[in-house]
Amino acid sequence: MAQLEGSVAAGYESVRELLAADLDRLAEREVQLCVYVGEERVVDLWGSTLETPQAPDALANIFSSSKSLVAILLADQVAQGRIDYSADIRDYWPEFTGGGKERLKVADLMRHEAGLAAFDVSLDPQHLLAEQIKENRIGQIIEAQETRFRPEGSPREYHAVTRGWIVNELYRRVDPDGRTLGEAFADDWAAPLDLDVLIGVPAARHAEIRDVVPLSPGFYLKQGFRRQPNRAVHDSIGQFLGKMARLAPKFRSSPRRGSPPPFKGTASLDVFNDAVVRCGETPSANAHASARGLAKLAAVMAGEGRFAGGQYLPQGAWQALHDAPVSHEMGMPTTFTQGGVALFGGNAAGGVLDRAINQGREGFYGWMGLGGSIFQWHPQKRIGFAYVPTSLHVMDFLNERGKRYQAEILRIVS
């Protein structure tokens, strides 16, 4: 039986009803949903369909939602005058040359336009521990890579795992203390704001982590033949096949095709439940967080860097992070700022994929993670939003299951 706990502010009861119904009919194991409007936490819910109840502050892998953590951390260095988005990466990392890398700007990397969406080798998870990162184990691999772009069309290619590894090397080279992204986030954001958000989880905290488990393709497709409200997945089989038909040509022409898996020894998502991988820093795909922690940080960003009387990101750096949005195809239509966060809603009335990624998210910034997680903020309406499930709907490519809660919040605050 589904268990749903927590609270909602007056006027947000429909959000609880929506999540309760979804726990009953969707393929959820454990889920957390937390939302701020201004500095008020208006939604704070957690639920489970397992015998062991979900904990309100349990940690789960948020996959690519962590890309926005990386963007916020790099904006910290912009605030200190140590990074300029329009500068060449090699200005800060002289060995970042050869194979076309010498032409790349910081903004190119943050917009997924660096031509380094995959490496030609798999990385050893042991080398992603902070102490080994500082020995340049990963840096020397990146320095040997050559850029690869599609022969024609958009320069944008999703740097699903690699962007965080590259930014980590850039960051520690400009940080006065040589810190990694994980160390800096713990010092500068998690501690001052009391956030359960980590890039690299110490072994002593692994007991707080809930495993992520992907739905099998067979289960997903079987559920796709059911009608709503009894379907356990977002898309019907027709909707899923329609989206796949539009995405398939992009997958076939991707320069990532034929590349080795990111980690040595496995190509399975189960690698992210491995203890060594959890300890290591893969900042684009392997941060762990509670929805409470993410939503509080999203509230800071929705408040233009301010929260509870504190200024956590200076106004100029906050603005620079959100400036210069550029739209390009990335297998799907996307708009990324120079600081590396997506802006949603630009073409919510367009084609199938435009509507899927944008409609119901109009005005939000941030990104989302494989299988379901969402970490986004809405500066105009002061919304900080976080959705953290452990059941991975991998075939819900644009995280529409969580988007329905965003749409409901927008309806309420409008």
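In what follows, the structure referred to is the one given above.
What you are looking at is a predicted structure, and each value in this text was computed from that prediction instead of being measured.

How each quantity is defined
- The residue numbers shown here count from 1 along each chain, following its written sequence.
- Selection of residues for local features in this predicted model requires a pLDDT of at least 70, selection of side-chain atom pairs for listing and counting requires 80 or more, and totals for whole chains, interfaces and linings are taken over all residues.
- Side-chain measures were taken over the full set of non-hydrogen atoms in the model, leaving aside hydrogen atoms and water.
- One side-chain nitrogen of Lys or Arg within 4 Å of one carboxyl oxygen of Asp or Glu is enough to make a salt bridge.
- Classification of residues uses two cut-offs on accessible area relative to the type maximum, computed with a 1.4 Å probe and protein chains only: under 20% is buried, over 50% is exposed, and between them is partly exposed.
- For helices the rule is a DSSP run of H or I covering at least 4 residues; for strands it is a run of E covering at least 2, with both sets numbered from the N terminus onward.
- When DSSP locates at least two bridges between a pair of strands, those strands are taken to pair.
- Note on ring pairs: Phe, Tyr and Trp rings are taken, using the six-membered ring of Trp, and paired if centres are within 6.5 Å. Classes follow the plane angle, with under 30 degrees stacked, over 60 edge-to-face and the rest tilted.
- Geometrically, a charge over a ring is one whose NZ (Lys) or CZ (Arg) sits within 6 Å of the ring centre while staying within 35 degrees of the ring normal.
- One fewer than the residue count of a helix, multiplied by 1.5 Å, yields its expected span.
- In what follows, residue pairs with any heavy atoms lying within 4.5 Å of each other are defined as contacts.
- Here an axis means a line fitted to C-alpha atoms, over the contact stretch when the element is a helix, while the angle between two N-to-C directions is reported on a 0 to 180 degree scale.
- Throughout this description, any angle smaller than 35 degrees is read as roughly parallel, any larger than 145 degrees as roughly antiparallel, any in the 65 to 115 degree range as roughly perpendicular, and the remainder as oblique.
- Under this grouping Gly is polar, as are all residues other than the nonpolar Ala, Val, Leu, Ile, Met, Phe, Trp, Tyr, Cys and Pro and the charged Asp, Glu, Lys and Arg.

Chemist: I'd like a description of the pattern of salt bridges, backed by residues and values.
Modeler: Under the defined criterion, the tally for this structure stands at 29 salt bridges. Between arginine 90 and aspartate 88 there is a salt bridge, with its nearest N and O atoms 3.9 Å apart. Residue arginine 90 is classed as partly exposed on the basis of its relative accessible area, which comes to 38%. For aspartate 88, the salt bridge identified is with lysine 105, shortest N-O distance 2.7 Å. Here lysine 105 lies in the loop between helix H2 (67–79) and helix H3 (106–110) and aspartate 88 lies in the loop between H2 and H3, a separation of 17 residues in the sequence. Residue classification places aspartate 88 among the buried residues on the basis of a relative accessible area of 15%. Within the structure, one salt-bridge network assembled from shared partners comprises Arg41, Asp44, Asp57 and Arg292.

Chemist: Describe the sheet that holds strand E7 (residues 287–289), listing the residues and the values that go with them.
Modeler: Backbone-to-backbone hydrogen bonds pair the strands of a sheet. The strands run either parallel or antiparallel. Taken in spatial order, the three strands make up an open sheet running E4-E7-E5, and their pairing is antiparallel. One side of each edge strand has no neighbouring strand; the edge strands of this open sheet are strand E4 (60–61) and strand E5 (197–199). With three bridges connecting them, E5 and E7 associate as antiparallel partners. Its bridge partner being in E7, isoleucine 199 is matched across the sheet by alanine 287.

Chemist: Account for the packing of aromatic side chains, with residues named and values stated.
Modeler: Taken as a whole, this structure holds 15 aromatic pairs when the rule is applied. Ring geometry for tryptophan 189 versus tyrosine 312: centroids 6.4 Å apart, planes at 35°, classification tilted. Placement of tryptophan 189 in helix H7 (residues 181–193) and of tyrosine 312 in the loop between strand E9 (310–311) and helix H12 (315–322) is noted, with a sequence separation of 123 residues between them. Accessibility expressed as a relative area gives 0% for tryptophan 189, which makes it buried. Of the residues examined, tyrosine 312 reaches a relative accessible area of 24% and is grouped as partly exposed. Each ring, one from phenylalanine 344 and one from tryptophan 367, has its centre 6.1 Å from the other, and the planes form 15°; the classification is stacked. In this pair, phenylalanine 344 sits in the loop between strand E12 (342–343) and helix H13 (352–358) while tryptophan 367 sits in strand E13 (residues 365–368), placing the two residues 23 residues apart along the sequence. Of the two residues, phenylalanine 344 and tryptophan 367, both sit in the buried class. Members of the aromatic cluster, connected to one another through ring pairs, are Phe63, Phe119, Trp165, Phe263 and Phe272. Cation over ring: lysine 101 sits above phenylalanine 96, and NZ or CZ is 5.8 Å from the ring centre.

Chemist: Describe helix H6 (residues 162–174), listing the residues and the values that go with them.
Modeler: Between the first and last C-alpha of H6 there are 19 Å, a value that for 13 residues agrees with the 18 Å anticipated at 1.5 Å per step. Across the 13 residues that make up H6, a large majority, 12, are buried. Within H6 the residues assigned to the buried category are Thr162, Arg163, Gly164, Trp165, Ile166, Val167, Asn168, Glu169, Leu170, Tyr171, Arg172 and Val174. Where H6 is buried, its residues touch H2, H3, helix H4 (130–133), helix H5 (137–143) and H7.

Chemist: Can you break down the pairing of strand E10 (residues 326–329) residue by residue, with the values?
Modeler: Consecutive side chains of a regular strand alternate in pointing toward one face of the sheet and then the other. Sheet topology places E10 next to strand E11 (residues 333–336); four bridges connect them, and they run antiparallel. Counted as the bridge partner of glutamate 329 is proline 333 from E11. The turn linking E10 back onto E11 is made up of three residues, and glycine 331 within it adopts a positive phi angle of 85°.

Chemist: Help me get a handle on the packing of H6 against H7, residues and values and all.
Modeler: Geometrically, a packed helix pair is captured by the angle between its two axes and the distance between the axes. One way to put it is that H6 packs onto H7 with a least axis distance of 9 Å and a crossing angle of 70°. With respect to their mutual orientation, H6 and H7 come out roughly perpendicular. Only Leu181, Ala184 and Asp188 of H7 make contact with H6, whose side of the interface consists of Gly164, Val167, Asn168 and Tyr171. When its residues are assigned to classes, the contact of H6 with H7 shows four nonpolar, two polar and one charged.

That's the geometry; what it means functionally is another story.
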